[in-house]
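Analysis of the macromolecular model
Listed below, chain by chain, are the residues.
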Amino acid sequence: MTAPHVGIWMYENGGGSAIERKLVHALAERGIQTSTGLNLRDARAQGGEIVCNGVAMEQLDAFLSYNAGQQTQYQLYLYQVLSQTIPTLNNFNAFSLAEDKFRTAHLLSSHGIATADYRLCHKNDIDGLKAAIRDFGGKLVYKPTDGWGGVGIVKIDSEQALDMLLPFLSRTDLRYFYVERFINYDNTDYRIDIVDGKCVGCYGRKAPKDDWKTNITSGGSVFIREPGQEVIDLAIKATQLLGLEIAGVDLIYDRDKEEYVVLEVNTIPAFATPEQEALGINFNQSKLDAMVDLIDSTVQRKLALHSAKVA
């Protein structure tokens, strides 16, 4: 019997290469063959198959796509096509949903999970934008509906500041504006990592002095943080509603409403870097073990389904 075969595309920076080696070793111990470096940027599709670096992608038993920083429309297009044929982690439908901040907030809010108050306005609905800043207490945050790491996020402190920004926004090719109420919080957050419905790790992030964004790419720093059950339950529920197998859920405490708020759900949450591990943030092994279990069970389900069809 041929060994199950899993494809992997893992980020390399921040200790990602070491994580990939451990993942490959752990899967090999379970009799699962792996092919790494499957960056779909290098793939070609023709004649009914997608081939990436010599690997026929549709012949894989699963594909783990775990690189947030180098995704292009071409790669995502092929990722979507692959997801219709083989199991992908995350599955593309959930991945696509969670990558969209408006769709995520709208779904979670409609199911009773607290998110930042939001407004989606047509590009020409200037009155709607001005109404939003008044309704949100004079402060709002403009966010691109896609993207990561805090890129493109702008805090708008007054209607006058919005007036100054509007000429710039009118020259962009945006079709709509997504804005959120600026939340009064202590400039720290929780990052809860979820794999297959279970919490596998948590740490906190703190915005730099004189800033409000906690993202590491925006200058935020990490610290050890123990989550309460309320925070864990919110993160798990948000992940399950979106249909994600793997997620990193960012939560903050809204001091005005006195409740925890799901701020964002990340589809490719990074492992702790070596520097973060040195600080005592030590969830990497539990996360790795959970991902190995997830990949193994995903492969076994595919093989069982194939055997049933053949029979």
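Notes on the structure in this doc start here. Throughout, a residue's number is its position along its own chain's written sequence, starting from 1. Per-residue local features are limited, in this predicted model, to residues with pLDDT of at least 70; the limit for side-chain atom pairs, both in listing and counting, is 80 or more; totals at the level of whole chains, interfaces and linings are taken over all residues. The side-chain values count all of the structure's non-hydrogen atoms but skip hydrogen atoms and water molecules.

**Quick word on the sheet that holds strand β15 (residues 246-254)**
- Pairing between two strands requires that DSSP report at least two bridges joining them. Helix numbering and strand numbering both begin at the N terminus, where a helix is a DSSP run of H or I of at least 4 residues and a strand a DSSP run of E of at least 2. A sheet is described by the order of its strands in space; here 5 strands give the open sequence β14-β13-β12-β15-β16, paired in antiparallel fashion. Strands at the two margins of the open sheet, each flanked by one partner only, are β14 (221-223) and β16 (259-266). The sheet shows a mean angle of 35° between the axes of neighbouring strands, taken without regard to direction.
- Judged from the 6 bridges that link them, strand β12 (residues 188-195) and β15 form a sheet pairing that is antiparallel. In this analysis, axes come from line fits to C-alpha atoms, helices being fitted only over the stretch in contact, and the angle between any two N-to-C directions falls in the range 0 to 180 degrees.

**A word on the nonpolar core**
- Within this scheme, the nonpolar core is defined by two criteria: the residues are buried Ala, Val, Leu, Ile, Met, Phe, Trp, Tyr or Cys, and they are joined through side-chain atoms within 4.5 Å. Each residue is assigned to one of three classes by its accessible area relative to the maximum for its type, calculated with a 1.4 Å probe on protein chains only: buried under 20%, partly exposed between the two thresholds, exposed over 50%. Ranked by internal contacts, the top residues of the largest apolar core, which has 42 residues, are Leu23, Leu40, Met57, Phe63, Leu64, Tyr66 and Ile295.
- Those elements that place two or more of their residues in this core are β1 (5-10), α1 (16-29), β4 (49-52), β6 (62-66), α2 (73-83), α3 (92-98) and α9 (284-310).
- Top element by residues in this core is α9. It accounts for 7 residues.
- The contacts of Leu40, once residues within four sequence positions are left out, are Cys52, Met57, Phe63, Tyr74, Gln75, Leu78, Tyr79 and Leu82. A contact between two residues is defined here by any heavy atoms of the two lying within 4.5 Å.

**Section: the environment of Asp189**
- Within the secondary structure, Asp189 sits in strand β12.
- For Asp189, a relative accessible area of 2% gives the class buried.
- Separated by 36 residues in the primary sequence, Asp189 and Arg225 place their C-alpha atoms 9.4 Å from one another.
- Not counting residues within four places of it along the chain, the set of residues in contact with Asp189 comprises Tyr203, Gly204, Arg205, Thr214, Arg225, Asp250, Leu251 and Ile252.
- Within the structure, Asp189 has its side chain in polar contact with the side chain of Arg205 (distance 2.7 Å). Distance and chemistry together define a polar contact, namely a pair of N or O atoms within 3.5 Å, with one atom able to donate a hydrogen and the other to accept it when in protein, and with adjacent residues in sequence counting only for side-chain atoms on both sides.

**A short note on unusual backbone geometry**
- Following Leu89, the chain continues into Asn90 via a peptide bond in cis, with omega recorded as 0°.
- Structurally, Asn90 is set in the loop between β7 (88-89) and α3.
- Of note, the phi angle at Asn53 is positive, near 50°, even though the residue is not glycine.
- Tracing the chain through its elements places Asn53 in the loop between β4 and β5 (55-56).
- Accessibility expressed as a relative area gives 47% for Asn53, which makes it partly exposed.

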